[in-house]
Amino acid sequence: MKAAVVVFPGSNCDRDLAVAFRAAGFDVSMVWHKDADLPAGMDIVGIPGGFSYGDYLRCGAIAAQSTICGAIKAHAARGGYILGVCNGFQVLTETGLLPGALLRNAGLKYVCKTVGLRVETTASVFTEGYKGGEVIDIPIAHHDGNYFADEATLAALRDEDRVAFRYVDNPNGARDDIAGVLSQNRRVLGMMPHPERAADAGHGGTDGAAMFRAMAGALTTA
């Protein structure tokens, strides 16, 4: 399996994401934001956390206009898989690959802690390694993680089983307690919590490792 991890100016979780992919068996390529194309044969693209372009304008807004995002959109249009974590989720909403927006946290403060997430669907390669309704412990670290969407979009996400994760105890004011959402074809996942930071026992938890193992297993047999 081949994964590409995109690096923007200000990314700070790109190596963490690459390590998690490699630990699950992926061959990982690091891709610079000015590259026009993804390496050939990529199964999945990872868009990491951090503060791309210093979070100027809106978080992810400048990154969404970068050269590599044209290739990421084309990858999605071909049915390719994409995982966007934290700032990567923000980039995916700014590119229009996922609905909604990430607003300033309701408490107007940066929040960094481990939180409980409830697995809302197992019908995706990202979540099939969990049990429906299972609560997993995953770190968060964000200032703008307050998921917002209008009522029609929220209803569609619920009706189409596209809410991947919800917060057990909402840390940021996100509507409907949403922590992660899937695209209509279920091949793009954006989430504010950091599964790559919970993929090694030495980091205090391994609840995120099941996501990377599930992706590897699904893409191996695809």
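What this report covers is the structure whose coordinates are included nearby.

**Structural notes on the pairing of strand β11 (residues 188–191)**
Going residue by residue along β11, you find Val188 and Gly190 tucked away on one face and Leu189 and Met191 tucked away on the opposite face as well. Bridge analysis of strand β4 (residues 81–85) against β11 gives four bridges, and the strand direction is parallel. Paired with Gly84 across the two strands is Gly190, which belongs to β11. Direction of pairing for strand β10 (residues 178–182) relative to β11: antiparallel, over a ladder of three bridges. When the bridges of β11 are listed, Leu182 appears paired with Leu189. Two successive antiparallel strands, β10 and β11, enclose a turn made up of five residues, where Arg186 displays a positive phi of approximately 70°.

**Comments concerning the packing of aromatic side chains**
Tallied over the entire structure, the rule returns six aromatic pairs. Judged by centre distance (6.4 Å) and plane angle (80°), the rings of Tyr130 and Phe165 are edge-to-face. Of the two residues, Tyr130 is situated in the loop between β6 (111–119) and β7 (135–142) and Phe165 in strand β9 (residues 163–167); the sequence distance between them amounts to 35 residues. Taken together, the aromatic side chains of Phe21, Phe26 and Phe212 make up a single cluster linked through ring pairs.

**Digging into the sheet that holds β9**
Read across the open sheet, the nine strands follow the order β2-β1-β3-β4-β11-β10-β9-β6-β7; overall the sheet is mixed. Looking at which strands have only one partner, the edges of the open sheet turn out to be β2 (27–32) and β7. Recorded for the sheet is a direction-independent mean angle of 20° between the axes of neighbouring strands. Most of the contacts of helix α3 (residues 87–95) go to β4, to which it runs at about 120°, and overall it touches β3 (44–47), β4, β10 and β11.

**Points about the nonpolar core**
Formed by 69 residues in total, the largest nonpolar core has its most connected members in Phe21, Leu83 and Phe165. The greatest single-element share of this core, amounting to seven residues, is contributed by helix α5 (residues 209–221).

**A short note on α3**
With eight of nine residues buried, α3 lies mostly within the body of the structure. By the burial criterion, the buried members of α3 are Asn87, Gly88, Phe89, Gln90, Val91, Leu92, Thr93 and Thr95. Following α3 by one or two positions, Gly96 has its phi on the positive side, about 85°.

**Overview of the environment of Glu94**
Checked against the element boundaries, Glu94 lands in helix α3. Put simply, Glu94 and Lys109 are 15 residues apart on the chain and 22 Å apart in space, counted from C-alpha to C-alpha. Discounting residues that sit within four places of it in the chain, Glu94 has contacts with Arg58, Cys59, Gly60, Ala61 and Ala64. Engagement of the side chain of Glu94 in a polar contact is seen with the side chain of Arg58, the distance being 2.8 Å.

**A short note on the pattern of salt bridges**
Evaluation of the coordinates by the stated rule reveals nine salt bridges. Two residues, Arg162 and Glu160, come together in a salt bridge whose shortest N-O distance is 2.8 Å. Look at Arg162 and you get buried, because its relative accessible area is 7%. Measuring nitrogen to oxygen at the nearest pair gives 3.4 Å for the salt bridge that ties Arg186 to Asp161. Taken together, the residues span a long stretch of sequence, with Arg186 in the loop between β10 and β11 and Asp161 in the loop between α4 (151–159) and β9 at a distance of 25 residues. For Arg186, a relative accessible area of 18% corresponds to the buried category. When salt bridges that share partners are traced, they join Arg118, Glu120, Arg158, Arg166 and Asp176 into one network.

What counts as what
Residues numbered from 1 in each chain as written. Predicted model: local features only at pLDDT ≥ 70, side-chain atom pairs only at ≥ 80, totals over all residues. Heavy atoms only, no water. Buried < 20%, exposed > 50% of the residue type's maximum accessible area, 1.4 Å probe, protein only. Helix = DSSP H or I, 4+ residues; strand = E, 2+ residues; numbered from the N terminus. Pairing = 2+ DSSP bridges. Phe/Tyr/Trp six-rings, centres within 6.5 Å; stacked < 30°, edge-to-face > 60°. Axes fitted to C-alpha atoms, helices over the stretch in contact; angles between N-to-C directions. Contact = heavy atoms within 4.5 Å. Core = buried A, V, L, I, M, F, W, Y, C linked by side-chain atoms within 4.5 Å. Polar contact = N/O pair within 3.5 Å; in protein donor to acceptor, adjacent residues only side chain to side chain. Salt bridge = Lys/Arg side-chain N within 4 Å of Asp/Glu carboxyl O.

These results come straight from atomic positions and should not be treated as a statement about function.
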